Amino acid sequence: MIFKDPIIKDQFDRCCPMLKLVCMEFERLSMSFNKTPVMTRLIGKIDGDSGVHSAGRAADFRDEFDGGFVYTLEERIVIIETIESLFPRLDGLKTIMHHSFQSGPFHFHVQVAPSIVAYSNMIFPLYS
Ligand SMILES: [Zn+2]
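Here's a quick rundown of the structure.

Cut-offs applied
- Residues numbered from 1 in each chain as written.
- Predicted model: local features only at pLDDT ≥ 70, side-chain atom pairs only at ≥ 80, totals over all residues.
- Helix = DSSP H or I, 4+ residues; strand = E, 2+ residues; numbered from the N terminus.
- Expected span 1.5 Å × (residues − 1).
- Buried ≥ 20, exposed ≤ 12 C-beta atoms within 10 Å, placed from the backbone.
- Arc of directions from axis to C-beta.

1. Here we look at helix α2 (residues 17-32)
Here is step 1 of the chain: With 16 residues, α2 should cover 22 Å at 1.5 Å per step; its first-to-last C-alpha distance of 22 Å lies within 8% of that length.
Here is step 2 of the chain: When α2 is considered as a whole, its buried residues turn out to be Val22, Cys23, Phe26 and Ser30. The buried residues of α2 occupy an angular sector of 95 degrees when projected down its axis, which confines them to one face. Residues of α2 that are exposed and point more than 90 degrees away from the buried face comprise Pro17, Met24, Arg28, Met31 and Ser32.
Here is step 3 of the chain: One or two residues past the end of α2 sits Asn34, with phi positive at roughly 60 degrees.

Here it is, written out as structure tokens:
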């Protein structure tokens, strides 16, 4: 994984285990496409965001860059479907989104819930 700024690496080193887990899965999927993911934001706040970054529960990964895109449409779909299936949430919120915010570049936004209970359906299927 590459960090756009050294401070983002420091933030990642200290972030909660659940966010680390999701980011590591994003990295694993990217590497399966021979792409090294670039984390562009973790704590950093931008105007009008939900505050999930400030809370240390979200990270952004580069896609649109320098007039093109890092990932193909097919790769994007695999990444989003795999991460959503591995980390489904009970509170109705997404674990990963591909979006543009405030007309900035398109990127992947990964986020985790404030409580681990939101992931309890990850183990329910094992006992049903
Ligand atoms: Zn974000």
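The discussion continues.
2. So, the environment of Met122
Here is step 1 of the chain: If you trace the backbone, Met122 turns up in the loop between β7 (107-111) and α4 (124-127).
Here is step 2 of the chain: Residue Met122 is classed as partly exposed on the basis of its C-beta count, with 14 C-beta atoms lying within 10 Å.
Here is step 3 of the chain: Counting along the chain gives 32 residues from Met122 to Leu90, while the straight-line C-alpha distance between them is 9.5 Å.

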